[in-house]
Amino acid sequence: MKAKALIMDEKAIERAVFRIAHEIIEKNKGVDNVVLVGIKTRGWPLSLRFAKKIEEIEGSKVPVFPLDITYYRDDLEKDDMAPMSVKSFDFDIKDKTVVLVDDVLYTGRTVRAALDAIVDRGRPKNVELAVLIDRGHRELPIRADFIGKNVPTSRSERISVHLEETDGTSQVLINE
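Residues numbered from 1 in each chain as written. Predicted model: local features only at pLDDT ≥ 70, side-chain atom pairs only at ≥ 80, totals over all residues. Heavy atoms only, no water.

Description of the sheet that holds strand S6 (residues 146–150)
Pairing is parallel across the open sheet formed by 5 strands, whose spatial order is S3-S2-S4-S5-S6. Only two strands of the sheet have a single neighbouring strand rather than two, namely strand S3 (64–67) and S6. Taking each pair of neighbouring strands and ignoring which way they run, the sheet shows an average axis angle of 25°. When strand S2 (residues 34–39) meets S3, the two strands line up parallel, connected through 4 bridges. Residue pairing across strands places Ile 39 opposite Leu 67, the latter belonging to S3. (Pairing = 2+ DSSP bridges. Helix = DSSP H or I, 4+ residues; strand = E, 2+ residues; numbered from the N terminus. Axes fitted to C-alpha atoms, helices over the stretch in contact; angles between N-to-C directions.)

Right under this line is the structure:
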């Protein structure tokens, strides 16, 4: 695949993180009962960025945890192993607002798997979704509460999110 266009550079990603952090605080009237859960791989460093920005703004730390949804995916065969993601964080999410964080929202299947993993962990008060990019093409009735950028795409195009923490650079590309 070759790069078709640069959608967001490092500064644009920083601005989106800043805005989404403010939106999370505003929607929840603070962050007293908020927990950030980042879907591995790139949702995890994004959730850490949100947590850092929220701490700068509010002066209080927000619990943040990674979530591996591999066991919950609907395109892989299940085996007899226990779900690894349930063991990945030991935090009571009962009556908390869980903000699920991912890099790209596409069909909604990753989010569905993450919701299954979260419900296996406990019963949160509610779950909100924060994504850097929403590219459309939903196969499930899922929508994001917080969106960095809407990027209409064709199904043949791909969105590549590169973050400093995982890729050594921060940018979002559309590839064809």
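That shown, we press on.
As for the UniProt feature "short sequence motif: PRPP-binding" (unreviewed entry) in the protein
Here the UniProt feature "short sequence motif: PRPP-binding" (unreviewed entry) sits at residues 98–110. In this annotation, residues 98–110 is assigned 15% helix and 62% strand; the end-to-end C-alpha distance for the span is 16 Å. (UniProt positions renumbered as here; feature names shortened; annotations may be inferred.)

Remarks on the pairing of S2
For a regular strand, side chains alternate in direction, first toward one face of the sheet and then toward the other. For S2, a buried count of 6 out of 6 residues is recorded, marking the element as mostly surrounded by other parts of the structure. Covered by surrounding structure in S2 are Val 34, Leu 36 and Gly 38 together with Val 35, Val 37 and Ile 39, the residues of both alternating faces. Here S2 runs beside strand S4 (residues 97–105); their pairing, made up of 5 bridges, is parallel. Across the sheet, Leu 36 pairs through a bridge with Val 99, a residue of S4. Tracing the backbone out of S2, into helix H2 (residues 43–58) and back to the parallel element S3 gives a crossover that is right-handed. (Buried < 20%, exposed > 50% of the residue type's maximum accessible area, 1.4 Å probe, protein only. Right-handed = clockwise from strand over helix to strand, strands pointing away.)

Section: unusual backbone geometry
Here the bond from Lys 40 into Thr 41 is cis, since omega is 20°, no more than 30 degrees from zero. Within the fold, Thr 41 resides in the loop between S2 and H2. Non-glycine residue Lys 29 carries a positive phi angle of around 50°. Despite not being glycine, His 137 shows a phi value in the positive range, around 70°. Here His 137 lies in the loop between strand S5 (126–134) and S6. Since its relative accessible area comes to 24%, His 137 is described here as partly exposed.

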